[in-house]
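Here are the chains, one letter per residue:
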Amino acid sequence: QVQLVESGGGLVQAGGSLRLSCAASGRTFSTPVIAWFRQAPGKEREFVALINWNGGTTYADSVKGRFTISRDNAKNTAYLQMNSLKPEDTAVYYCAARRLGVGTTTPNSYDYWGQGTQVTVSS
C-alpha cells in the first residue's frame, strides 16, 4: 500500500504562485508514476501533470508554461509549482500514483490517491 498526503493549497490572487507537495509513504518503490489532477465544482476530474521515475514529464495544455512538476525520490515527495495562476485554476488538487511505469492522463489508471488540497484563485 501507498499513502499520499497533499499540502500547500490555499487562497491566492490571480497572477500569484503556490507550491503543492505530495508526500508518499509505504511501498513507494512500486509507484514510478506520480501525477496531479484537479476537480472544480460541477466538473469532472482533469489531468494536470505527471512525472515518471526518470523525470520525464507531461502537462495539460491549459497549464503548460505555468506549472512545473518535479519529484525528490530520496524524500518520496512530488511537487507542483504553480505560477501565473488564473481564477480558472481554482479546484481541489489531487496527487495520484500509478504502479505501472507508463504515465497516463486517465484518472482511472491510477492506483493511489491523496485526500486533495483546495486551491482558490481570486480575480
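Computed from a prediction, not measured in an experiment: that's the story for all the values here. (Residues numbered from 1 in each chain as written. Predicted model: local features only at pLDDT ≥ 70, side-chain atom pairs only at ≥ 80, totals over all residues. Heavy atoms only, no water.)

Undergrad: Would you take a moment to explain empty space enclosed by the protein for this structure?
TA: In this approach a probe as big as a water molecule rolls over the atoms, and the regions it shows empty are the leftover space. Going through the model one piece at a time under the given rule, you end up with 1 cavity of 30 Å³ or more. Of the volumes computed, that of the largest cavity is approximately 100 Å³. Around the largest cavity, the lining residues are Cys22, Ala24, Thr28, Thr31, Ile34, Trp53, Arg71, Asp72, Asn73, Asn76, Thr77 and Ala78. Listed by contribution, the elements that provide at least two residues to the lining of the largest cavity are strand 3 (18-26), strand 7 (67-72) and strand 8 (77-82). (1 Å grid on protein atoms, 1.4 Å probe; cavity = no way out; pocket = protein on both sides within 12 Å on 5 of 7 lines; lining within 4 Å. Points joined across faces, edges and corners; volume = space filled by probe spheres on them. Helix = DSSP H or I, 4+ residues; strand = E, 2+ residues; numbered from the N terminus.)

Undergrad: Honestly, the nonpolar core in this entry has me stumped. Any pointers?
TA: Among soluble globular proteins, nonpolar side chains are generally buried collectively. If you look at the biggest cluster of nonpolar residues, it comprises 36 residues, and the most contacted ones within it are Leu4, Trp36, Val48, Phe67, Leu80, Met82 and Tyr93. When residues of this core are traced back to their parent elements, those giving at least two are strand 1 (2-7), strand 3, strand 4 (33-39), strand 5 (46-51), strand 7, strand 8, strand 9 (91-98) and strand 11 (117-122). Not counting the four nearest positions on each side in its chain, Val48 is found in contact with Trp36, Phe37, Arg38, Thr58, Tyr59, Ala60, Val63, Phe67, Leu80 and Tyr93. (Core = buried A, V, L, I, M, F, W, Y, C linked by side-chain atoms within 4.5 Å. Buried < 20%, exposed > 50% of the residue type's maximum accessible area, 1.4 Å probe, protein only. Contact = heavy atoms within 4.5 Å.)

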